[in-house]
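# Chain and residue survey
Each chain is listed here by its residues.
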Number of protein chains: 6
Amino acid sequence: MGEKFHQPVDAAKVPRFAGHATFMRLPAVASAEGLDIALAGIPWDGGTTNRAGARHGPREVRNQSSLMRSTHHVFKTEPFKIANIADVGDLSVNPIDLLDGLKLIEGGVADIVNAGALPLCVGGDHLTTLPVLRAVARKAPVGLIHFDAHSDTNDTYFGDNPYTHGTPFRRAIEENLLDPRRVVQIGIRGSIYSPDEHDWAKAQGVRIIYMEEFSARGPEAIMAEVRDIVGDAPTYVTFDIDSIDPSMAPGTGTPEIGGFTTREAQDLVRRLDGLNLVGADVVEVAPPFDLAGMTAIAGATILFELMCVMARQVDRCRLR
Amino acid sequence: MGEKFHQPVDAAKVPRFAGHATFMRLPAVASAEGLDIALAGIPWDGGTTNRAGARHGPREVRNQSSLMRSTHHVFKTEPFKIANIADVGDLSVNPIDLLDGLKLIEGGVADIVNAGALPLCVGGDHLTTLPVLRAVARKAPVGLIHFDAHSDTNDTYFGDNPYTHGTPFRRAIEENLLDPRRVVQIGIRGSIYSPDEHDWAKAQGVRIIYMEEFSARGPEAIMAEVRDIVGDAPTYVTFDIDSIDPSMAPGTGTPEIGGFTTREAQDLVRRLDGLNLVGADVVEVAPPFDLAGMTAIAGATILFELMCVMARQVDRCRLR
Amino acid sequence: MGEKFHQPVDAAKVPRFAGHATFMRLPAVASAEGLDIALAGIPWDGGTTNRAGARHGPREVRNQSSLMRSTHHVFKTEPFKIANIADVGDLSVNPIDLLDGLKLIEGGVADIVNAGALPLCVGGDHLTTLPVLRAVARKAPVGLIHFDAHSDTNDTYFGDNPYTHGTPFRRAIEENLLDPRRVVQIGIRGSIYSPDEHDWAKAQGVRIIYMEEFSARGPEAIMAEVRDIVGDAPTYVTFDIDSIDPSMAPGTGTPEIGGFTTREAQDLVRRLDGLNLVGADVVEVAPPFDLAGMTAIAGATILFELMCVMARQVDRCRLR
Amino acid sequence: MGEKFHQPVDAAKVPRFAGHATFMRLPAVASAEGLDIALAGIPWDGGTTNRAGARHGPREVRNQSSLMRSTHHVFKTEPFKIANIADVGDLSVNPIDLLDGLKLIEGGVADIVNAGALPLCVGGDHLTTLPVLRAVARKAPVGLIHFDAHSDTNDTYFGDNPYTHGTPFRRAIEENLLDPRRVVQIGIRGSIYSPDEHDWAKAQGVRIIYMEEFSARGPEAIMAEVRDIVGDAPTYVTFDIDSIDPSMAPGTGTPEIGGFTTREAQDLVRRLDGLNLVGADVVEVAPPFDLAGMTAIAGATILFELMCVMARQVDRCRLR
Amino acid sequence: MGEKFHQPVDAAKVPRFAGHATFMRLPAVASAEGLDIALAGIPWDGGTTNRAGARHGPREVRNQSSLMRSTHHVFKTEPFKIANIADVGDLSVNPIDLLDGLKLIEGGVADIVNAGALPLCVGGDHLTTLPVLRAVARKAPVGLIHFDAHSDTNDTYFGDNPYTHGTPFRRAIEENLLDPRRVVQIGIRGSIYSPDEHDWAKAQGVRIIYMEEFSARGPEAIMAEVRDIVGDAPTYVTFDIDSIDPSMAPGTGTPEIGGFTTREAQDLVRRLDGLNLVGADVVEVAPPFDLAGMTAIAGATILFELMCVMARQVDRCRLR
Amino acid sequence: MGEKFHQPVDAAKVPRFAGHATFMRLPAVASAEGLDIALAGIPWDGGTTNRAGARHGPREVRNQSSLMRSTHHVFKTEPFKIANIADVGDLSVNPIDLLDGLKLIEGGVADIVNAGALPLCVGGDHLTTLPVLRAVARKAPVGLIHFDAHSDTNDTYFGDNPYTHGTPFRRAIEENLLDPRRVVQIGIRGSIYSPDEHDWAKAQGVRIIYMEEFSARGPEAIMAEVRDIVGDAPTYVTFDIDSIDPSMAPGTGTPEIGGFTTREAQDLVRRLDGLNLVGADVVEVAPPFDLAGMTAIAGATILFELMCVMARQVDRCRLR
């Protein structure tokens, strides 16, 4: 069956440092037609309020994803044998015009969705998830599993600007893209603007799981609750790399100490297996602040973990 | 009430990368008069026996402290609303003359103490804590909660030199600045000079909690014991950044693997809440060895955690 | 006379690594009132089309400017004795909204100009020079001496966007802020978009001196021509750090090999002495791409050189 | 007794940054004659399939080993008082010719073994362990405790090449250097080539303990099983630095997130105490990818931990 | 005519940080069929005797070549309008087996030559030029213009090994691939193995121009002589990045201070215009030792300069 | 004759990355007895007023000196065949006590001088040159050729402290170690403390050649004058690495842009050939601020150049 699908270059024949740097060393394809999962870059950080650089994320995650092999060692899943996956390139963006940028990204993801593929995107800053949700939740609001140090449900910045990487999920709830009672945020931590910063989100029904609660209860209990919250309905997963500790993911715009270890992060993502995902992303990898490619490697590995979960879903659905 | 106190610049109006780099983006003030807590730099590493660089610590901790927001997300404390806090600048030092350096630092801290403010200092190497204690414990010995990889209770180096960053707490006990039965050291680890290196300290009554004991018993039990040891009497807190693992705080002079995670460190510091603190410091941040500002970010966040604990104490005392 | 003016902290008393990081270790003042020269930061890179980061320029140039001493070793000028100079802080900016950013910067520079001080700014990307010129050339177009690898006279990017760091001088000429016959660009080099990329500028009368012509004719002849072109009339100087070779100034967004050495750059700037300057800037220092502070040191030194030239002008005018 | 043995330079007299960079600041000796433990470098990465650089490992581990002091703080062991240990330099290698390299390394280790010393080596990539085993297991197969992210029991690469750093333990089992039922691998993780990648090893009797099993069962249970597996018979220990998390050991050729913390790694190595070791190594430290010497510091500390365990064995055997 | 040829992505529409990282942002094509110039990577450093890493060169030069625009600012040449150029990917290599590596590379270049395209390669270490010459000079020996710090005409290393990056041009002369009287080496410098190290080459007729002679005579005179030496006959150009000063190209295996500036290097390469080139390469870019991408940027720009010279040759020949 | 002298390890047999890191890969010897030239480290930066780190200089210069080969390519000199040269290790220092440090260094150099060898030292900061001169000029004042960005003839710092790296040559003149009319300083530049900062030195007869004069007159004329000034009498050479441009030598405490290129520096040092040298040093290499070993490579190469000049002098004297 595997031969029907795109395969990565074989590293026992072509060394990992050789060849073009595509996601997972998969073929670069012109469109998502025929794909089950479309790996797409969104090189845009127009919403960044402090340290920009996530625009360079897709290129470096592609670069470091050459380290990924073809089988998940826990699931024993071979994603490229059970799902058709390829690199559809970077979506069009506009580094100068924020509103145009949002529109272009939405259009790019809509093309993927319309082609029948699941989008698995690499940002870009967290504002990129807003136009992705506009494309993915066009027909009905979806649930959200959100790994992050920050809730990103603030209202406005710098005057009345509604669109920054600190606001996407407030906008998404307001735009009815998300069902707030099926939104759960995990890993939230760090100093905040005011004691009631998270009250709006909580009032909508969003479940915020602070890092301290995660430390106390552990991944198994937390993810059981998360799965209860989102249930079987369509759900989007967004993974902000700053949910991981800055020692393991220094290349990001708003580091907060006390984050997930990568071991915890992998465990959490694997526990998404079996859900009904409509897409996912890894965002806020900012290579100019990275060290030795460490953040891009972490991002590429989380991408691989998400891809395996999604490939298993594709396979499961195909069998039905 | 908040308007009576100094406030940091508002990052939703002025971006975090803008403006002068003061501690917590607070005003730079000329003296500690009127302050409850004085944030002071001590740019001095005259006691460093191996890799110097902590002299650059205050500047970089100031720089990275721009990432701090105004509310503690666990305590929900807004420190700048309940205590008057500002940046009093760097104390005078002497990079060439060790004894003059010690005298200058003591004088600078005495000015803060005399103004009625609690000193919260950023070193500098760990020898800086000795003159701070001389100023803070002028009238009576104080207790000490000491987070560190090293006990820093050695006797002499390089001949009979009594003052290095490996000796401050021996000197402080000898000078009756510390009550050794109210001194507790947490996180001690790494190879030592001889099997009896810590015997002098233990003989004075110092409680040394090695990292292995911390790993076995956990933060809750450890900090309960720590609080028992120091009790309600005046206590100083000194946080050597090398207590944190070098992967999370590489920018320091004497790294020892196997350290606290930042998550553990934050938990430990929060458990100081309610004690009777007469001052605190964060030392041994050495920017020339740092990576991506990681150590300075950790130092700034620990400073923020200590500041919140101290602001809560100020508030508590004011209400009495 | 020196006592009437602001003085930097004395490094033979306070070490260079100590104290707050203001430009040249001068006092931070609240406004330009009473100043002859106002050192201002413009932390904004909203016009950057590739690698952002110049928003962090002012902070790092301030940091490294601590290395500057108080006397120019060639002119023997003591700028702080002949002109009143201080750090007026960073101008207000908006990292999310380009048009608001342009307006805020113009307002900030207008305040300096209205206070009677000469603005000496540190960007920020090169688009920041457009609002500076709007403030400086409010009454009549000025001349421009422009050190850069790029002409920055392109028309539009990413659709019809007129404002990027590749377009400021086209806009400035169109807005009649610059007299194009008194505009000279030095150091231009690197691959271009099309053979006629510079034709528009040349058609307006702009003199473009490519790096190859500089190499052939040398600084003395080149700067004699430059001085002829701008004459005695009001002239603005803009120094893009990417005019310097990327090995000496790697921390910039659009590096082009084959640039000026710093020795050449210092020589060129000193040859501005005696002109009629209405302001100057150093732009495109992007710390996230810098190495060992090298670019910020170069930027701070060029700032010092420009400041000395401007202080001598202030002194000359005062004596008349 | 200590005076009979080689001693490191005393850091309370000679600073750590001074003097030649030998392992543990011990004397450099010409041969292993008279030694109990021979510290040897193997600067060779001829088997590396992706990112080379481990050839530079010995030099940097030597450099950072200057941080080691003379007593183990948990065991209270003073290794240099109970065993004669010195730095025998780097073994001969050949960076251009793989087969010659293997032969040279085997010869170098054989000289150590023949001199009656235990080899404690610093690689080099993991293929270096194959010739070490050829020298150490010349008479009979030995057991192996193998800390690693990768099983390194693949068959061939790039055609039919049998020798890479992904194959040494397959070759060693085939060559009867290892008793596969006494081989245990700990920390294995990361994506693999195929679901049956580890089947060959398991079929031989190798016990593979994945990181997930380690996380679930903890170091005490795991190492109890490990000790059961190898028993009292001669056993070699090989420590691939990539078993440690890349945030703590970034300087390695094939990083895999989700690794051991250094605290866990130290705990694991200490639990080797009392076994019957015939040699040990630390491999895959690749300085060109390191950050702030972090990986070399970790490698040097693990080397110190192994050395203490081996010195205690030497002392134990001497007393019998 | 331009429309007939491959074009790079337009950076005024798609930002430079977006899209796949191919050479010059040109299309990645499967073979050299139909091309005038084939840009190819040779990710191999099997001949490196000291610091490996050039295997990563092609990927990083591709990455940084995104900075190149489409027109040469001195020639006013638009290479993509006058020649059909594309990225043919990386040639097959073998990181473990030197002789197989040499054979694979020769085969890959032969494919390009047989397709009628000029190979323009990015190494890889300098030994890669040997198999390139085997493919290019299959029928008759060619001339060589060789920019380098080292003559690379040594005989053997590490026993009798004939193939290292210090020997390719001795082998090429012995194999009659080069006409030694038409070989010229420019920029040679640095300490050597013995006073007669270069005597063999000189005895064959090779002209060695040391850096000191270059400094004394200047680029114009030197390149006039170079052109005389090679004449109109087929000539290969090899550019070792270590000919450039290590401050401008630190990312290389064997740095030698006192090198060409990039400004000089660009001048030298432009003076190749009009010769009869059969191919060219840029080698020894070793990203693990690079800083801020500086060496890869220099390598990409020299590649662009060579490509423009070769495109002009293609255009000239077509017109005949 | 060569066999009588110490020889470096042969890099065509032992790779450059292998073996202990001694200066030039020469034997480490216990004393200077029998040597013509003693290579010694002085790991001390007790006089540094801003950025410390030169204490780490000897170790890193040793490390990078592995790149040096055995023959000077211009002189064709084989230094190790005409002079007996070895690495005598690091002199004793005291990182905590300035006056003790000065005494220890003087004693160490006196041992070398008394053994009849010429000291060729690697600092350490520039204050280390003072005790070296005390040992070298014990009997009579010597001349000085001083390459530096700074004159280092200031009086006192931080109160009345007479000993910093900004004062050694004032002290040396006062102590009659130097004949000021035979002292020449080359490369002086950068902002200064006051217009008369250099007046004291000039009044003693010191010749200061600013960088601007060097640029104007060129190395040949400058060095002719230098040789005239020092004549045939005993002369010491001190090379501060900050005389080289910070882009080529970033790892130093007080960088000043506009410095010598390494090509110029090599040319200058070679023009010392034939003088009567009593010793030399390379100082102010500060590895914590270095990039990719660049400064240490430059320092090691300048050391090699000085060593060749001194070996030629040894050979010349022997023949007489």
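Below is a short write-up of the structure.

Reading guide: rules and limits
Residues numbered from 1 in each chain as written. Chains lettered and ligands numbered in written order. Predicted model: local features only at pLDDT ≥ 70, side-chain atom pairs only at ≥ 80, totals over all residues. Heavy atoms only, no water. Contact = heavy atoms within 4.5 Å. Buried area = accessible area lost by both parts, 1.4 Å probe. Salt bridge = Lys/Arg side-chain N within 4 Å of Asp/Glu carboxyl O. Polar contact = N/O pair within 3.5 Å; in protein donor to acceptor, adjacent residues only side chain to side chain. Helix = DSSP H or I, 4+ residues; strand = E, 2+ residues; numbered from the N terminus. Nonpolar A, V, L, I, M, F, W, Y, C, P; charged D, E, K, R; others polar. Pairing = 2+ DSSP bridges. Axes fitted to C-alpha atoms, helices over the stretch in contact; angles between N-to-C directions. Buried < 20%, exposed > 50% of the residue type's maximum accessible area, 1.4 Å probe, protein only. Right-handed = clockwise from strand over helix to strand, strands pointing away. Least-squares fit on C-alpha atoms with pLDDT ≥ 70 in both.

## Structural notes on the arrangement of the chains
Taking C-alpha atoms as the reference, chain B and chain E come no closer than 14 Å and do not contact one another. Note that chain A does not reach chain F: the shortest distance linking a C-alpha of one to a C-alpha of the other is 14 Å.

## Here's the deal with the interface of chain B and chain C
In this complex, chain B contributes 22 residues to the contact, which on the side of chain C involves 22 residues. Both faces combined, the contact of chain B with chain C buries some 1800 Å², and carbon together with sulfur accounts for 56% of it. Linking chain B to chain C there are zero salt bridges. Counting every contact that joins chain B to chain C gives 12 residue pairs in polar contact (both at pLDDT 80 or more). Residue assignment for the side of chain B that touches chain C shows that the elements contributing at least two residues are helix 1 (57-64) and strand 2 (85-90) of chain B. Here the residues of the side of chain B that touches chain C are counted per class, giving eight nonpolar, seven polar and seven charged.

## Re the sheet that holds strand 6 (residues 207-210) of chain E
Residues and elements named next belong to chain E. Strand order in the open sheet made by the eight strands is 2-1-3-8-7-4-5-6, with parallel pairing throughout. In this open sheet, the two edge strands, each paired with only one partner strand, are strand 2 (85-90) and strand 6. Strand after strand, the sheet turns through a mean of 15° between neighbouring axes, direction not considered. Summarising the sheet, strand 4 (residues 142-147) and strand 5 (residues 178-188) pair through five bridges and their orientation is parallel. Each bridged residue has a counterpart across the sheet, and for Leu 144 the counterpart in strand 5 is Val 183. In the packing of helix 4 (residues 129-136) onto the sheet, the strands contacted are strand 1 (37-42), strand 3 (118-123), strand 4, strand 5, strand 7 (235-240) and strand 8 (277-283), and the crossing angle to strand 7 comes to about 170°. The strands touched by helix 9 (residues 294-319) within the sheet are strand 1, strand 2, strand 3, strand 7 and strand 8, with strand 8 carrying the most contacts at an inclination of about 175°.

## Details of the interface of chain D and chain B
Between chain D and chain B, the residue contacts involve 29 residues of the former and 34 residues of the latter. Of the roughly 2600 Å² buried at the junction of chain D and chain B (both faces included), carbon and sulfur atoms supply 58%. When the buried surface of chain D facing chain B is broken down by residue, Arg 69, His 73 and Arg 263 of chain D rank first, second and third, together holding 31% of it. The interface formed by chain D and chain B includes three salt bridges. A salt bridge links Arg 270 of chain D to Glu 212 of chain B; its shortest N-O distance comes to 2.8 Å. Along the contact surface separating chain D from chain B lie 15 residue pairs in polar contact (both at pLDDT 80 or more). Going through the elements one at a time, helix 8 (262-270) and helix 9 (294-319) of chain D are the ones with two or more residues in the side of chain D that touches chain B. Per element, the largest residue contribution to the side of chain D that touches chain B is five residues, and it comes from helix 9 of chain D.

## A few points about the pairing of strand 7 (residues 235-240) of chain D
All names here are of chain D. Burial of strand 7 is extensive: six of the six residues sit out of reach of the surface. Of the two faces of strand 7, the one carrying Thr 235, Val 237 and Phe 239 and the one carrying Tyr 236, Thr 238 and Asp 240 are both buried. In this sheet, strand 7 lies alongside strand 4 (residues 142-147) in parallel orientation, the contact comprising five bridges. By the bridge assignment, His 146 is partnered in strand 7 with Thr 238. In this structure, strand 7 lies alongside strand 8 (residues 277-283), joined through six bridges in parallel fashion. Residue pairing for strand 8: Val 237 is matched across the bridge by Ala 280. Handedness of the crossover joining strand 7 and strand 8 through helix 8 is recorded here as right-handed.

## Some points on the relation of the copies chain B and chain C
Mapping between the two chain copies consists of a rotation about an axis together with a translation along that axis. Here chain B sits on chain C after a turn of 180° about the axis and a move of 0.0 Å along it, with an RMSD of 0.0 Å. With respect to symmetry, the two chain copies, as superposed, fit the operation of a two-fold axis. Measuring from the rotation axis to each C-alpha of chain B, the shortest distance belongs to Ala 21 of chain B, at 3.5 Å. Residue by residue, 100% of the interface of chain B is reproduced at the interface of chain C, so both copies engage with the same surface.

## Observations concerning the sheet that holds strand 3 (residues 118-123) of chain B
Residues and elements named next belong to chain B. Strand order in the open sheet formed by eight strands is 2-1-3-8-7-4-5-6, and the pairing between neighbours is parallel. A strand with exactly one partner marks an edge of an open sheet, and here the two such strands are strand 2 and strand 6 (207-210). Strand after strand, the sheet turns through a mean of 15° between neighbouring axes, direction not considered. Bridge analysis of strand 1 (residues 37-42) against strand 3 gives six bridges, and the strand direction is parallel. Looking across to strand 3, one finds that Ile 42 is bridged to Gly 123. Of the strands in this sheet, strand 1, strand 2 and strand 3 are in contact with helix 1, which crosses strand 3 at around 105°.

## Digging into the pattern of salt bridges
Counting across every chain of the model gives 128 salt bridges over all chains. A salt bridge links Asp 179 of chain A to Arg 181 of chain A, with the nearest nitrogen and oxygen atoms 3.2 Å apart. Given a relative accessible area of 15%, Asp 179 of chain A falls into the buried group. Look at Arg 181 of chain A and you get exposed, because its relative accessible area is 61%. One salt bridge connects Asp 155 of chain C with Arg 171 of chain C, and the closest N-O pair in it is separated by 2.7 Å.

## Some details on unusual backbone geometry
For the peptide bond that leads from Gly 123 of chain E to Gly 124 of chain E, omega is 10°, which places it in the cis range. The backbone of Phe 158 of chain A shows a phi angle near 50°, a positive value even though the residue is not glycine. Mapped onto the secondary structure, Phe 158 of chain A falls in the loop between strand 4 (142-147) and helix 5 (168-174). Backbone geometry at Lys 76 of chain C places phi at a positive 60°, although glycine is not the residue there. Summarising the element assignment, Lys 76 of chain C is placed in the loop between helix 1 (57-64) and helix 2 (79-82).

## Focus: the relation of the copies chain D and chain B
Screw-axis analysis of chain D against chain B gives a translation of 0.0 Å along the axis, an RMSD of 0.0 Å, and a rotation angle of 120°. Considering both components of the superposition, the chain copies are consistent with a three-fold axis. Of every C-alpha in chain D, the one belonging to Ser 247 of chain D sits nearest the axis of rotation, 3.5 Å from it. An overlap of only 7% is found between the interface residues of chain D and their copies at the interface of chain B, pointing to separate contact surfaces.

Bear in mind that shape data such as this cannot, by itself, settle questions of function.
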